[in-house]
Amino acid sequence: MTQTDLLIVGAGPVGLFTVFEAGLLKLRCHLIDTLPQPGGQCREIYPKKPIYDIPGFPSILAGDLIDNLLEQIAPFKPGFTLGERAERIQKTADGQFLLTTNRGTEIQAPVIVIAGGLGCFEPRKPPIENLARFDDTGVEHIIKDP
Ligand SMILES: Cc1cc2nc3c(=O)[nH]c(=O)nc-3n(C[C@H](O)[C@H](O)[C@H](O)COP(=O)(O)OP(=O)(O)OC[C@H]3O[C@@H](n4cnc5c(N)ncnc54)[C@H](O)[C@@H]3O)c2cc1C
């Protein structure tokens, strides 16, 4: 079981910058995201789209923004649990929170931040019989740039 100071559900831009702010307060962070990589909507849906409303950047590609955020938080050495969905939160006897994922991973922290954006991203899978049989066997579901 992983123990951390601050557990963040959602590794989108909000979750990533939370690591920076918490790091300034000397809090260790662990992020969990159902996606296989950090970056939320910016990385998963539109990494090549320019965004124009980031302070200090007249224009920046969404994917580059995520790269910058990851570089910015690297000194604080956050932990990541990726490709797993946060499913259950229980209060422990000593007043902490125990979060369990859909894969049974347990992470404990006195504080949980929910930075879940619009919710879990999950692939819309094709209607193929017994598709679940191929999960975790090398089959990847991706959104492809046109
Ligand atoms: C096509 C498009 C273009 C956009 N263009 C712009 C723009 O130009 N400028 C702008 O400012 N904004 C833009 N946005 C909006 C912007 O992407 C969002 O406001 C931003 O991503 C929100 O960040 P977030 O970290 O709150 O949430 P998200 O980016 O949604 O990240 C949340 C993360 O939480 C994870 N999560 C949620 N629930 C769970 C759970 N139970 N367990 C594990 N993981 C979980 C999700 O998988 C996700 O990765 C655009 C959005 C889209 C779709």
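Refer to the structure above for everything that follows.
To keep things clear, this report deals only with the structure shown in the data block. (Residues numbered from 1 in each chain as written. Predicted model: local features only at pLDDT ≥ 70, side-chain atom pairs only at ≥ 80, totals over all residues. Heavy atoms only, no water.)

1. Digging into the packing of helix 1 (residues 13-24) against helix 3 (residues 62-73)
Test applied: Here an angle of 0 to 180 degrees is reported between the N-to-C directions of two axes, which are lines fitted to C-alpha atoms, with helices fitted over the stretch in contact. Put simply, DSSP H or I for four residues or longer makes a helix, DSSP E for two residues or longer makes a strand, and each gets a number counted from the N terminus. Comment on the angle field: the value is read as roughly parallel under 35 degrees, roughly antiparallel over 145, roughly perpendicular from 65 to 115, and oblique elsewhere. Two helices crossing with the near one rotated counterclockwise from the far one by less than a right angle form a left-handed crossing, whereas a clockwise rotation gives a right-handed crossing. Note on contacts: a residue pair qualifies if any of its non-hydrogen atoms lie within 4.5 Å across the two residues. In this count, Pro and Cys sit with the nonpolar residues alongside Ala, Val, Leu, Ile, Met, Phe, Trp and Tyr, while Asp, Glu, Lys and Arg are called charged and the others, Gly among them, polar.
For the pair helix 1 and helix 3, interaxial distance at closest approach is 9 Å and the crossing angle is 20°. In terms of their interaxial angle, helix 1 and helix 3 are classed as roughly parallel. Crossing handedness for the pair helix 1 and helix 3: left-handed. Counted together, P13, L16, F17, V19 and F20 of helix 1 and I66, L69, L70, Q72 and I73 of helix 3 form the full contact between these two elements. The residue makeup of the contact of helix 1 with helix 3, split by class, is 9 nonpolar, 1 polar and no charged.

2. Description of helix 3
Note that an α-helix has 3.6 residues per turn; residues three or four places apart therefore point the same way. What counts is decided by this rule: Here the expected length of a helix is defined as 1.5 Å per residue gap, with one fewer gap than residues. Summary of the burial criterion: residues with accessible area below 20% of their type's maximum are buried, those above 50% are exposed, and those between are partly exposed, where the area comes from a 1.4 Å probe applied to protein chains only. Directions pointing from the helix axis toward each C-beta atom define the arc.
With 12 residues, helix 3 extends 17 Å between its outermost C-alpha atoms, agreeing within 8% with the 16 Å of an ideal straight helix rising 1.5 Å per residue. Every buried residue belonging to helix 3 is among A62, G63, L65, I66, L69 and I73, and all of these are buried. Down the axis of helix 3, the smallest arc covering the buried residues is 155°, so these residues share one side. Residues of helix 3 that are buried in the fold lie against helix 1, helix 2 (40-44), strand 4 (50-51) and strand 5 (60-61).

3. Some remarks on the side chain of T4
Definition in use: Under the rule applied, a polar contact is a pair of N or O atoms within 3.5 Å (in protein, one hydrogen donor and one hydrogen acceptor; residues adjacent in sequence only if both atoms are side-chain atoms).
Its location among the elements puts T4 in the loop between strand 1 (2-3) and strand 2 (6-9). T4 gets classed as buried once you look at its relative accessible area, which sits at 4%. A polar contact is formed between the side chain of T4 and the backbone oxygen of R28, at a distance of 3.0 Å. In this structure T4 touches R28, C29, H30, I107, Q108, A109 and P110, once residues within four positions along its chain are discounted.

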